[in-house]
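Structural description and commentary
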Amino acid sequence: MYSLSRRVSKSPIPKDDDGKKTTPHQKAVENLMNVENSLRSCLKRHSDGKYGYITKEWGFITPGGLGDRLGGKFEPWEDKLRKTKDFFWPMEAYESMEHMPYGKVDKSMVQKFGLKKEAEQLYGNTPLYEFLMEPPRRSVELVKEDLQDYKRAAKIFILLGTLTHLCGNSSPDPKTCPLPEWMEDPLRMVAERLDVEPTLTGHFLVQENWIYKDLLLDDSSETDDEDLISTLKKKSCRSLVSHSSRTLSSEDREKATDELDRLLIKTLVNECIIGFQRSRQSIYPDSFVGSQAVDVAMDNNFCETREEGVRMIRDVNTRHKLFRHVRDPDFLLMDKHEFYQFYKKWTNPDLKPPSKASFDFDPRKAYGESSPRSSGDEEISWNPSRSAQYLPSRLMPASPPVLKSKGGDDPLMRSAAAQMASEGTLSEDIILGALGGDNDDGNGIEKSVSLQPPSVAKSIVVQPSDFPDYASLQRDMAVIDKLKLINFRKGRSHSTKSFAASQAVNLLLDRDCARSRSEATRLLRGLNERYSIFEKVTMTHEEFKDDNALCQFTNAFEQIKSAEDPLYLSSHQSKIPQSTIQQERSDKFFQSGALPDDNNGDDVPGAQEFRFDNIVMLYPAFQNNHERVNQLIPTCMGYAFRSLPYLIVELLGAMRSFLEFETLTDSSATVDGSFESKRIVDIIYQLAYSCSRCKEQFQLMSTDPTKRSFNSKHVSIRQTQPLSNGVLVRRKKGSDPLPSKGTTGTQFPYFHLLDWLLGRFQFNKDKAEGLVAKIASVDNTFPKPQREYIESLMTLEYGSTIRGFMDLIGRPKEIMVAYNHLIECYAGEGGVLQAHCRKLYSYVHNDVQASTSGTNHVATTGKGERPNPISSAEDNHIFANTMFRHMRMAADERWELRIPPLMARVRKRVYSTSESGGFTTVALDFGTTALRYEYGDVVKVLLPNDDTTTLCWVKSLSVEDSGSDEEHVKLQEISSLHKRKENGWGWEQLWEALGWSDFEKDGGLGVPLSMICRYIEQGQIRTSSGKTRWVKSTLDLCGKGKERILAIPPTISRQDIASLDPVSPRIYSVSGVEAERVFLLVSKPVDGSVHHGYERMADPHVDEVHCSFSPATFFLVPPEGANLVCVASGTGISPFVGLAEAIGTRQGTFTIAHQCKSSDLFLSNSQAWLDFTVQNPGAVVMGFISGDRSRRNCPMRYIIRNGAFEETFVLGAHSTGAYYFQCDLFEARLKEVYDSGALNLAYCCGGTKSAIQPLQQLFRQHEMSYEFTVECYGISAPISSLRQPCEIGGTIVNLDNVSSVHPGGDQILYQIQDIEIERGQSSGCPVSTPDHSASFWQLHPHAYNLHRCLRAPLDADFEAFSTFLQRQAVNTSTLFKMAEKYTEVAMKSPEDSKVLRIATELQSTAVRRHYQEGDMAGAEQAVEHLRGLLSRIPSLDEDVRRWNRVVDDYQNGSLLDS
């Protein structure tokens, strides 16, 4: 067992010959030892909770929370806080500001509620300040006895701290107004007890200021146990379920749950028709049908739907082992014609089920009763000296067991045998011999009897599942006997007798005790759950996994190992005590004595899952949902980092062990495969996953008013932001008040830990402390446990940080891959810090804020008027950019710690290509790279050119065509050739991703030209006419078609290169996962042009690519009981495959619709849907196949339910049922699952025209309110007038359509749009189409990939785009307006801009349309625009000749003829 009191062994540090100096390795070992000892001491000191807690399960949060509100004598203070909400506007007034310009309130709201100006915000709220200055009518005397318990003291501190910040920040002048004595004196007293500054810090405001919803009791809910049970008995069963899950405390809810379980068990046992069930040639006595049990639950009002009934019965069976399937004990209850049998201990309907907290429960012993049916059963005995024939031969060869009956004949058995004999061909004696009373498997389950022909039935063979428990004991004993042979790892770790978990798995595989690693893992996990034979030497208490975690045997293993009789296991199993950690959690944290559920060791017993939807604020200041979102989502972020303090200690120990081993062995061999490096990799990935989980929680906070986690900017700036400002507090009674520090963020303690561990401060010693670092500096506002832990970690020297450790050991590949992934999850473009930067930027963009205080919007001019709204918006934009820049600088400091190469080389395999389906299935094998995939990650893939394209670029760019050495290129040289960098990706990023900087070290020549040419995506080349042209290969300069067959790539000088664009990463969602392999569905573009991404992914000759994983989870696992509708189009289904696996058996209603044009694409994930619908009864997956003109793909509809294809229907050629938004079955399903009082979620992935807009229209049509989460890879082309036109990445788009691909950021773009237009009008240079390329890149991760998304297929091909506009235009002005917009942008764009060709094509078409309609003035103007555009396009382009003919035909008057 890992003990906090265990000290690291202080082995002598070797010194050099002179006896004074030590090597860098030895110095790092000594520093790591000292820091590790200091951290362990800190963990031990704060395990009792005197000043706070540091635990593995909860981190810095008090385990299980602080509990319910104080009440009692503290009621006057609580009453003060409750009444503060009356001094602010109602939420409707603030929410109306979302639709008003510059945060103005709707005038109708002013009239409706009689709003007063001072009640708009906290700052300057004089009525609230006067109310809080008055002491409560009944005074509260705080004594030392009130502060002895930390939980109680913390609650008092939160209550008083909230009141003081409300009072101080509502005063006329927070810099001069002191606090009243009635709240200041007790605040100072409780702060002294907690050893913190007397100011409400982020830790207490957020991390401790919460409670589970179902644990928050009202006065009216208090009742004694007898009244509770009697009340529950009078209610219906369905009301009991609702009451027990929402309004009761954990103890009362557990009683109610037990009562509900007892009622359900009694009902099932009494009303299920039990008898002989026949299936083919097998008979199952005393069995019932699964669907019948669901009928019983519904008939007795336990549930409303059959799906809910299946889940309820499954839960009861999991808790109490009520029944099992007649053939497979692991087979779940299904609402089908499957047979199940009750365990004998539940055949007495009056038995009360055991409590959740009990471990070994026998109802007959507990209640002194015996089953009435057991008196007539014959007991079965067996000879323990004889082994089981049917155990696996790899464990023990043996002979068949001998089963014999002790009792006499059973009249019921004889009667049943006679009845069966009369119906069949078998004699009564044979049937009775088969049944014979010997039909008990030792667990109280009747075994199945196979009815064979008379000649065979006389020698009935007992099936393996029929053998008694002795067989399983023998198996366990045999496996434990094999574990004696394990080799301990001596001298490399803290424990002298430890072994790796993977060693035990390898041993069972080598000894033929398991067929696979997963089977061996399950076998070892089950052994440890039953007998506690080993435990981890570290402080991690997760279940046994096949990893490199260190384990050691317990005393229980030594006792079992010395025993020879397997029956010793049976007696030992009930004697196993709770583990030390369970006793610690039970005694110190959970005074109720009940332990958490085995399925989730992090939850409070009886409490709900810890997530935002299940917790509320303990002491809210403003008592609205916006405050709850603002404070509790950071709580969940802190909970995601809960294991960080312990993981750091474990990682430091692993690093020290690595260095000690390397020093002692003096080995120069590679260490990538050593145990120590694998252990370090495991821990680093755990740290990375914590960052990913933190980002997941942060994504919940939204500025979208339609979401449940909506946090209004207007409420934030008027209430929660001013609350965070510091107030004046006297440090001693009678002294002058001094300003206190404002509240700090919850995540800062954990970020401090990561910063010091990674080496941010040690690596950047020369850099000045930034603004963000100053705000988050460690001082006495941090609780004592956090303060001491961080101060201990701050003593890490550079060589002891992960970054310095990597430099010491030579940067092993495996550790470097894991380390870079941690940096990516922490500070990369998809990391939590960058997400925080973008979210802050979004919230500061509120049109009125120009300082961090959030109070400047009430300022007035000298005349008493508000400042100009336009200038306020501009000031706000400048301030937001400033804050965004500071946040980005802080994130970039962490990002600088990365170590190239950032991408790993992996094997690529094309599994299948469906030309008719328009997709390719690709597998990436990363088994030897140390890469690891986690649900929600996206794959970034760098795809090289094929050999032909590469050789063409090499031939054209080579300076000399001779047999001399290959030419080399340095980064500075080629970076100067890249002009377009607005998407955030250039040669610098490619250099770092591939690790090419090594080519220039120590005077290197640079990267070989052939490698450079492998990663050129396109180039802008100057032609002989002086104009430029974009080409993907230099052969494009030789013409088209037959002209290219025998062409030789032309030589291109450096002066002729206008720009060379490097290959940028393609971003893909994962559609399937296997061991060390991920599968991708890559869609084929529909525009017919060549696309680098698809061509290279579908090319089987490209068998190696560079890739990395980045956290980008959009679709979070929904809360329990949610109604989730998922719609995907094409390969957009990929994220939902992983989501279905992550949901597992989570309770809820799930509907997945997949719209695609090929059955192949839908059926490629059919097994995932079959497994998902088995785990979730009631879940439905629908496939809608639109088909194409080929015979292979005809319109079809698939429906999968309950693990089977319920419908496979071929539709007509023009059937509307092939589209989900026109299918009656899909609409009926939406109406069936929608619940206006529940949480309704809609996840969409795909194009706006296929996956998003139709579903939104359906919900509007049926008046359904859903919360949308969208991931879009295509923007629909505008076919009507552009309301908000802008340019992003060379493409004109409508801001209304950008919302789908840019959640949150589009609000900033709207504001910038207005500012740019207003600024242009005031300067006399009007701008109607602002360029948002730079802002788009800053505000969204992976912008280089999204720029391609914005170029929808119809926009990528300019000729097709023009044709599309002509065909789809609602009126003739649409084409003309689009042509004008594109021409305006094209004339200001460089010659290489793709907009130039689109604008030329549109103007050419506009000339013809004007001429056809007789609008000669419009035609003349269009021709002038066309001439101007043609002057900027290379004359050798074939399209230029076609466009010139339009001008010539117009001048000759023959335009209609042409």
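All figures in this text were calculated on a predicted structure; none of them were measured in a lab.

**Topic: the overall build of the chain**
Assigned secondary structure in the chain consists of 55 helices and 34 strands. Of all 1458 residues assigned to the chain, the portion counted as buried reaches 55%. Counted over contacts in the chain with a minimum sequence separation of 6, partners at least 24 positions apart contribute 73%. Put simply, the chain shows about 62,500 Å² of open surface, and 49% of that area lies on carbon and sulfur atoms.

**Digging into the sheet that holds strand β9 (residues 499–500)**
With antiparallel pairing, the 3 strands of this open sheet are ordered in space as β9-β11-β10. The two strands at the open ends of the sheet, each matched to only one other strand, are β9 and β10 (534–536). Strand direction decides the pairing type here: β9 and strand β11 (residues 550–553), joined by 2 bridges, are antiparallel. By the bridge assignment for β11, Phe-499 is matched with Cys-551.

**Topic: helix α20 (residues 517–531)**
Compared with the 21 Å implied by 1.5 Å per residue over 15 residues, the 21 Å span of α20 between its first and last C-alpha is a close match. Among the residues of α20, those classed as buried are Glu-519, Ala-520, Thr-521, Leu-523, Leu-524, Gly-526, Leu-527, Asn-528 and Tyr-531. Positioned one or two residues after α20, Ser-532 has a phi angle of 50°, which is positive.

**Details of the side chain of Thr-635**
Among the structural elements, Thr-635 can be located in helix α24 (residues 625–640). Given a relative accessible area of 0%, Thr-635 falls into the buried group. Excluding residues within four positions of it along the chain, Thr-635 makes contact with Ile-61, Val-206, Gln-207, Trp-210, Phe-610 and Ile-615.

**Topic: the pattern of salt bridges**
Considering all chains together, one arrives at 53 salt bridges under this definition. The partner of Arg-907 in a salt bridge is Asp-1103, and the shortest N-O contact between them spans 3.8 Å. Placement of the pair is Arg-907 in strand β15 (residues 904–914) and Asp-1103 in the loop between α40 (1092–1097) and β25 (1104–1111), with a sequence separation of 196 residues. Each of Glu-36, Arg-40, Arg-656 and Glu-660 takes part in one network of salt bridges that share partners.

**Examining the sheet that holds strand β20 (residues 1016–1022)**
Overall, antiparallel pairing links the 3 strands, which are arranged β21-β20-β22 in an open sheet. Both outer strands of the open sheet, β21 (1028–1031) and β22 (1057–1062), are each paired with one neighbouring strand and no more. Across this sheet, the average inter-strand angle for adjacent strands is 15°, counted without regard to direction. As defined by bridge partners, β20 adjoins β21 across 4 bridges and the pair is classed as antiparallel. Bridge pairing in β21 places Arg-1022 opposite Thr-1028.

**Examining the packing of helix α41 (residues 1134–1143) against helix α43 (residues 1166–1175)**
Between α41 and α43, whose axes approach to 10 Å, the crossing angle comes to 25°. On the basis of their axis angle, the class for α41 and α43 is roughly parallel. Of the two possible hands of crossing, α41 and α43 adopt the one that is left-handed. Note on element contacts: α43 touches α41 through Ala-1168, Trp-1169 and Phe-1172, opposite Phe-1136, Val-1137, Ala-1140 and Ile-1143. When its residues are assigned to classes, the contact of α41 with α43 shows 7 nonpolar, no polar and no charged.

**Topic: the pairing of strand β29 (residues 1196–1201)**
In terms of burial, β29 is a largely internal element, 5 of the 6 residues being buried. Strand direction decides the pairing type here: strand β28 (residues 1180–1185) and β29, joined by 6 bridges, are antiparallel. The residue of β29 that forms the bridge with Val-1180 is Arg-1201. In this sheet, strand β30 (residues 1204–1210) lies alongside β29 in antiparallel orientation, the contact comprising 6 bridges. Counterpart to Ile-1200 in the pairing with β30 is Phe-1205. Hairpin connection between β29 and β30: a loop of 2 residues separates the two successive antiparallel strands, and Asn-1202 in this loop has a positive phi of roughly 55°.

**Details of the nonpolar core**
Ranked by internal contacts, the top residues of the largest apolar core, which has 183 residues, are Leu-652, Ile-802 and Leu-924. When residues no more than four places from it in sequence are discounted, the contact partners of Leu-924 are Val-906, Arg-907, Lys-908, Val-939, Val-941, Glu-1076, Arg-1077, Val-1078, Leu-1080, Val-1105 and Cys-1107.

**Topic: the packing of helix α19 (residues 501–510) against α20**
Following both chains from N to C, one finds α19 and α20 inclined at 110°, their axes separated by 9 Å at the closest point. Accordingly, the angle class assigned to the pair α19 and α20 is roughly perpendicular. When you trace α19 past α20, the crossing you get is right-handed. Residue-level contacts link Ser-502, Ala-504, Val-505, Asn-506, Leu-508 and Leu-509 of α19 to Arg-517, Ala-520, Thr-521, Leu-523 and Leu-524 of α20. The residue makeup of the contact of α19 with α20, split by class, is 7 nonpolar, 3 polar and 1 charged.

**Some words on the packing of aromatic side chains**
The description of an aromatic ring pair rests on the distance of the ring centres and on the angle between the ring planes. A full pass over the atoms with the stated rule returns 48 aromatic pairs. Taking 6.1 Å as the distance between ring centres and 85° as the angle between the ring planes, the aromatic pair formed by Phe-641 and Phe-751 counts as edge-to-face. On the criterion of sequence distance, the pair formed by Phe-641 in the loop between α24 and α25 (644–665) and Phe-751 in helix α28 (residues 748–758) is long-range, its members being 110 residues apart. Exposure remark for Phe-641: the relative accessible area of 0% places this residue in the buried category.

**Overview of unusual backbone geometry**
Note that the residue after Pro-900, namely Pro-901, is joined by a cis bond; omega there is 0°. By secondary structure assignment, the location of Pro-901 is in the loop between α35 (869–895) and β15. The phi torsion at Gln-623 lies on the positive side, around 60°, for a residue other than glycine. Secondary-structure assignment places Gln-623 in the loop between β12 (615–617) and α24.

**Comments concerning the environment of Leu-205**
Topologically, Leu-205 is positioned in helix α8 (residues 202–207). Assessed through its relative accessible area of 8%, Leu-205 is described here as buried.

**Observations concerning the environment of Asn-1176**
Within the element layout of this structure, Asn-1176 appears in the loop between α43 and β28. Apart from residues no more than four positions distant in its own chain, Asn-1176 is found in contact with Arg-311, Ile-1143, Gly-1144, Thr-1145, Arg-1146 and Phe-1150.

**Looking at the state of the cysteines**
Counted under the stated rule, the structure contains 0 disulfides. Looking at the unpaired Cys-167, the closest cysteine sulfur is the one in Cys-177, lying at 8.6 Å.

What counts as what
- Residues numbered from 1 in each chain as written.
- Predicted model: local features only at pLDDT ≥ 70, side-chain atom pairs only at ≥ 80, totals over all residues.
- Heavy atoms only, no water.
- Helix = DSSP H or I, 4+ residues; strand = E, 2+ residues; numbered from the N terminus.
- Buried < 20%, exposed > 50% of the residue type's maximum accessible area, 1.4 Å probe, protein only.
- Contact = heavy atoms within 4.5 Å.
- Areas by Shrake-Rupley, 256 points an atom, 1.4 Å probe, with all protein chains shown as cover.
- Pairing = 2+ DSSP bridges.
- Expected span 1.5 Å × (residues − 1).
- Salt bridge = Lys/Arg side-chain N within 4 Å of Asp/Glu carboxyl O.
- Axes fitted to C-alpha atoms, helices over the stretch in contact; angles between N-to-C directions.
- Parallel < 35°, antiparallel > 145°, perpendicular 65-115°, else oblique.
- Left-handed = near helix turned anticlockwise from the far one by under 90°.
- Nonpolar A, V, L, I, M, F, W, Y, C, P; charged D, E, K, R; others polar.
- Core = buried A, V, L, I, M, F, W, Y, C linked by side-chain atoms within 4.5 Å.
- Phe/Tyr/Trp six-rings, centres within 6.5 Å; stacked < 30°, edge-to-face > 60°.
- Disulfide = S-S within 2.5 Å.

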